[in-house]
Amino acid sequence: MNISIHKILSNKNLLLLFLAAVSISLSANTMEPEIDPAYLARPTAPLLSDNPDISVEEADDSAFIARISDIIATAPTSLILDSSEINDRRLGILLKMCSDKVLENVVFLNLNNNTIGAEGAKYLAEAFPKFKNLKRLFIKNNKIGSSGAAYLYKALDPLSSSCALRLLELECGSNGIDITNLGLLTGLSSYTDVGSYKQ
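About the criteria used
Residues numbered from 1 in each chain as written. Predicted model: local features only at pLDDT ≥ 70, side-chain atom pairs only at ≥ 80, totals over all residues. Heavy atoms only, no water. Helix = DSSP H or I, 4+ residues; strand = E, 2+ residues; numbered from the N terminus. Buried < 20%, exposed > 50% of the residue type's maximum accessible area, 1.4 Å probe, protein only. Right-handed = clockwise from strand over helix to strand, strands pointing away. Phe/Tyr/Trp six-rings, centres within 6.5 Å; stacked < 30°, edge-to-face > 60°. Lys NZ or Arg CZ within 6 Å of the ring centre and 35° of its normal. Pairing = 2+ DSSP bridges. Axes fitted to C-alpha atoms, helices over the stretch in contact; angles between N-to-C directions. Contact = heavy atoms within 4.5 Å. Arc of directions from axis to C-beta.

**Q** I keep staring at the environment of Ile93 and nothing clicks. Help me out?
**A** Along the chain, the position of Ile93 falls in helix H5 (residues 88-97). Residue classification places Ile93 among the buried residues on the basis of a relative accessible area of 0%. With 29 residues separating them in the primary sequence, Ile93 and Phe64 have C-alpha atoms 9.4 Å apart.

**Q** Can you help me understand the pairing of strand E4 (residues 167-171) in this one?
**A** Remark: a regular strand shows side chains that alternate across the two faces of the sheet. In terms of burial, E4 is largely enclosed, as four of its five residues are buried. Handedness of the strand E3 (residues 136-138)-helix H8 (residues 145-156)-E4 crossover: right-handed.

**Q** Help me out: how do you make sense of the packing of aromatic side chains in this one?
**A** The way to describe two aromatic rings as a pair is by their centre distance and the angle between their planes. Scanning all chains against the criterion turns up one aromatic pair. Each ring, one from Phe108 and one from Phe138, has its centre 4.8 Å from the other, and the planes form 75°; the classification is edge-to-face. Taken together, the residues span a long stretch of sequence, with Phe108 in strand E2 (residues 108-110) and Phe138 in strand E3 at a distance of 30 residues. The class for Phe108 is buried, based on a relative accessible area of 10%. By relative accessible area, Phe138 is classed as buried at 8%. The side chain of Arg136 reaches across the aromatic face of Phe108, ending 4.2 Å from its centre.

**Q** Explain the sheet that holds strand E1 (residues 78-80) to me, please; I cannot follow it from the model alone.
**A** Sheet strands associate in pairs through backbone hydrogen bonding, adopting either a parallel or an antiparallel arrangement. If you trace the five strands from one edge of the open sheet to the other, you get E1-E2-E3-E4-E5, paired in parallel fashion. The open sheet has two edge strands with one neighbour each: E1 and strand E5 (189-193). Looking at each pair of strands side by side, their axes are set apart by 5° on average, direction ignored. Here E3 pairs with E4 via three bridges, running parallel. Across the sheet, Phe138 pairs through a bridge with Glu171, a residue of E4.

**Q** Looking at this model, I keep getting lost on the environment of Ile71. Mind explaining?
**A** Among the structural elements, Ile71 can be located in helix H4 (residues 62-72). For the pair Ile71 and Leu81, spaced ten residues apart in sequence, the C-alpha to C-alpha distance is 9.5 Å. The residues touching Ile71, leaving out its near neighbours within four places in the chain, are Pro76, Leu79 and Leu81.

**Q** How do you make sense of helix H7 (residues 118-127) when you look at a structure like this?
**A** Residues spaced three or four apart along an α-helix face the same direction, because each turn holds 3.6 residues. Every buried residue of H7 is listed here: Gly120, Ala121, Leu124, Ala125 and Ala127. Summarising the axial view, the buried residues of H7 lie within an arc of 160°, below the 170-degree limit, and thus occupy one face. Along its buried surface, H7 packs onto H5, E2, E3 and H8.

And the structure:
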(Lines give C-alpha, C1' and ligand atoms only; values in the text may rest on other atoms or scores of the structure.)
Protein backbone atom coordinates (compact mmCIF):
# COMPACT_ATOMS: atom_id res chain seq x y z
CA MET A 1 0.00 0.00 0.00
CA ASN A 2 1.54 3.28 -1.13
CA ILE A 3 0.30 6.33 0.82
CA SER A 4 2.00 9.69 0.40
CA ILE A 5 3.24 11.68 3.39
CA HIS A 6 1.03 14.60 2.29
CA LYS A 7 -2.08 12.37 2.44
CA ILE A 8 -1.09 11.08 5.91
CA LEU A 9 -0.56 14.59 7.25
CA SER A 10 -3.87 15.83 5.84
CA ASN A 11 -5.95 12.94 7.23
CA LYS A 12 -6.22 12.94 11.01
CA ASN A 13 -7.02 9.20 11.32
CA LEU A 14 -4.16 8.22 9.02
CA LEU A 15 -1.80 10.48 10.97
CA LEU A 16 -2.77 8.80 14.27
CA LEU A 17 -2.29 5.33 12.76
CA PHE A 18 1.06 6.38 11.32
CA LEU A 19 2.25 7.76 14.67
CA ALA A 20 1.08 4.62 16.50
CA ALA A 21 2.96 2.42 13.99
CA VAL A 22 6.13 4.50 14.40
CA SER A 23 5.85 4.35 18.18
CA ILE A 24 5.46 0.56 18.16
CA SER A 25 8.38 0.24 15.78
CA LEU A 26 10.60 2.44 17.96
CA SER A 27 9.68 0.64 21.18
CA ALA A 28 10.40 -2.72 19.54
CA ASN A 29 13.84 -1.47 18.52
CA THR A 30 14.69 -0.06 21.94
CA MET A 31 13.69 -3.07 24.04
CA GLU A 32 16.29 -4.23 26.52
CA PRO A 33 18.58 -6.81 24.95
CA GLU A 34 18.63 -10.21 26.59
CA ILE A 35 21.46 -10.31 29.11
CA ASP A 36 23.69 -13.32 29.50
CA PRO A 37 23.20 -14.86 33.00
CA ALA A 38 26.98 -15.23 33.35
CA TYR A 39 27.28 -11.47 32.89
CA LEU A 40 24.73 -10.85 35.62
CA ALA A 41 26.53 -13.21 38.00
CA ARG A 42 29.83 -11.35 37.83
CA PRO A 43 30.88 -9.06 40.68
CA THR A 44 29.68 -5.70 39.38
CA ALA A 45 30.72 -3.35 42.13
CA PRO A 46 34.00 -1.52 41.83
CA LEU A 47 36.55 -3.10 44.10
CA LEU A 48 38.50 -0.55 46.06
CA SER A 49 41.65 -2.54 46.67
CA ASP A 50 44.60 -2.09 44.31
CA ASN A 51 44.93 -5.84 43.88
CA PRO A 52 41.58 -7.58 44.46
CA ASP A 53 41.43 -11.32 44.12
CA ILE A 54 37.72 -12.08 43.93
CA SER A 55 37.29 -15.54 42.45
CA VAL A 56 34.55 -16.88 40.20
CA GLU A 57 33.32 -19.07 43.07
CA GLU A 58 32.59 -15.90 45.01
CA ALA A 59 30.33 -14.51 42.25
CA ASP A 60 27.24 -15.54 44.24
CA ASP A 61 28.32 -12.87 46.69
CA SER A 62 27.88 -10.08 44.11
CA ALA A 63 25.01 -8.43 46.03
CA PHE A 64 27.13 -8.49 49.19
CA ILE A 65 30.08 -7.05 47.25
CA ALA A 66 27.92 -4.24 45.87
CA ARG A 67 26.54 -3.39 49.32
CA ILE A 68 29.98 -3.45 50.95
CA SER A 69 31.48 -1.38 48.12
CA ASP A 70 28.91 1.33 48.78
CA ILE A 71 29.80 1.31 52.46
CA ILE A 72 33.58 1.33 52.11
CA ALA A 73 33.57 3.86 49.28
CA THR A 74 32.97 6.54 51.91
CA ALA A 75 36.11 5.47 53.86
CA PRO A 76 34.13 5.34 57.10
CA THR A 77 35.67 5.58 60.55
CA SER A 78 32.91 3.26 61.80
CA LEU A 79 32.36 0.08 59.81
CA ILE A 80 29.05 -1.27 61.14
CA LEU A 81 28.40 -4.74 59.71
CA ASP A 82 26.27 -6.15 62.52
CA SER A 83 23.92 -8.91 61.25
CA SER A 84 25.23 -8.63 57.68
CA GLU A 85 25.34 -12.37 56.85
CA ILE A 86 29.15 -12.34 56.90
CA ASN A 87 30.77 -15.76 56.99
CA ASP A 88 34.47 -16.60 56.70
CA ARG A 89 34.51 -16.28 52.90
CA ARG A 90 32.67 -12.96 52.93
CA LEU A 91 34.98 -11.55 55.60
CA GLY A 92 37.89 -12.53 53.36
CA ILE A 93 36.20 -10.76 50.43
CA LEU A 94 35.59 -7.66 52.55
CA LEU A 95 39.22 -7.47 53.64
CA LYS A 96 40.45 -7.99 50.05
CA MET A 97 38.17 -5.22 48.81
CA CYS A 98 39.34 -2.62 51.29
CA SER A 99 42.39 -0.59 50.39
CA ASP A 100 44.98 -0.01 53.09
CA LYS A 101 43.69 3.57 53.40
CA VAL A 102 40.13 2.39 54.11
CA LEU A 103 41.30 -0.01 56.83
CA GLU A 104 43.58 2.64 58.29
CA ASN A 105 40.60 5.00 58.76
CA VAL A 106 38.46 2.51 60.69
CA VAL A 107 38.23 3.28 64.41
CA PHE A 108 35.17 1.09 65.16
CA LEU A 109 34.55 -2.29 63.52
CA ASN A 110 31.27 -4.04 64.39
CA LEU A 111 30.98 -7.62 63.12
CA ASN A 112 28.51 -8.80 65.78
CA ASN A 113 25.80 -11.37 64.96
CA ASN A 114 27.31 -12.97 61.86
CA THR A 115 28.66 -16.48 61.19
CA ILE A 116 32.39 -15.78 61.27
CA GLY A 117 34.41 -18.83 62.29
CA ALA A 118 38.06 -19.57 63.02
CA GLU A 119 39.11 -19.03 59.39
CA GLY A 120 37.48 -15.60 59.37
CA ALA A 121 39.21 -14.76 62.66
CA LYS A 122 42.50 -15.70 61.01
CA TYR A 123 41.76 -13.36 58.06
CA LEU A 124 40.95 -10.59 60.51
CA ALA A 125 44.09 -11.24 62.58
CA GLU A 126 46.23 -11.08 59.43
CA ALA A 127 44.65 -7.71 58.55
CA PHE A 128 45.17 -6.15 62.00
CA PRO A 129 48.44 -4.38 61.03
CA LYS A 130 46.45 -2.40 58.43
CA PHE A 131 43.89 -1.27 61.03
CA LYS A 132 46.24 1.35 62.42
CA ASN A 133 43.54 3.36 64.24
CA LEU A 134 41.12 0.62 65.32
CA LYS A 135 40.04 1.15 68.93
CA ARG A 136 36.76 -0.76 69.22
CA LEU A 137 36.22 -4.29 67.86
CA PHE A 138 32.82 -5.93 68.30
CA ILE A 139 32.74 -9.54 67.15
CA LYS A 140 30.34 -11.22 69.59
CA ASN A 141 27.76 -13.85 68.64
CA ASN A 142 29.76 -15.47 65.84
CA LYS A 143 31.39 -18.91 65.61
CA ILE A 144 35.03 -18.03 66.20
CA GLY A 145 35.68 -20.75 68.75
CA SER A 146 38.87 -21.25 70.71
CA SER A 147 41.13 -21.61 67.68
CA GLY A 148 39.79 -18.36 66.21
CA ALA A 149 40.30 -16.64 69.56
CA ALA A 150 43.90 -17.88 69.55
CA TYR A 151 44.47 -16.17 66.16
CA LEU A 152 43.08 -12.90 67.54
CA TYR A 153 45.13 -13.16 70.72
CA LYS A 154 48.37 -13.94 68.89
CA ALA A 155 47.88 -11.01 66.53
CA LEU A 156 47.01 -8.52 69.29
CA ASP A 157 49.26 -9.65 72.15
CA PRO A 158 51.77 -6.84 72.69
CA LEU A 159 54.40 -9.29 73.92
CA SER A 160 54.35 -11.66 70.94
CA SER A 161 53.12 -9.53 68.05
CA SER A 162 54.73 -6.80 65.99
CA CYS A 163 51.27 -5.32 65.45
CA ALA A 164 51.05 -1.92 67.12
CA LEU A 165 47.26 -2.09 67.39
CA ARG A 166 45.93 -1.51 70.92
CA LEU A 167 42.18 -1.81 71.43
CA LEU A 168 40.21 0.23 73.93
CA GLU A 169 37.15 -2.02 73.70
CA LEU A 170 36.67 -5.63 72.61
CA GLU A 171 33.34 -7.51 72.56
CA CYS A 172 33.81 -11.19 71.81
CA GLY A 173 31.21 -13.13 73.84
CA SER A 174 28.96 -15.90 72.51
CA ASN A 175 31.58 -17.40 70.23
CA GLY A 176 32.14 -20.85 71.72
CA ILE A 177 35.52 -19.78 73.14
CA ASP A 178 36.93 -21.85 76.02
CA ILE A 179 37.64 -20.19 79.34
CA THR A 180 41.42 -20.16 78.83
CA ASN A 181 41.21 -18.23 75.59
CA LEU A 182 38.51 -15.95 77.01
CA GLY A 183 40.93 -15.17 79.83
CA LEU A 184 43.69 -14.31 77.36
CA LEU A 185 41.37 -12.04 75.35
CA THR A 186 40.35 -10.06 78.44
CA GLY A 187 43.85 -8.62 78.71
CA LEU A 188 43.91 -7.24 75.16
CA SER A 189 41.91 -4.07 75.69
CA SER A 190 40.98 -1.54 78.33
CA TYR A 191 37.45 -3.00 78.38
CA THR A 192 36.62 -6.50 77.21
CA ASP A 193 33.11 -7.95 77.17
CA VAL A 194 33.36 -11.73 76.91
CA GLY A 195 29.75 -12.41 77.84
CA SER A 196 28.90 -15.19 80.24
CA TYR A 197 30.93 -18.38 80.02
CA LYS A 198 29.05 -21.67 79.96
CA GLN A 199 30.94 -24.96 80.38
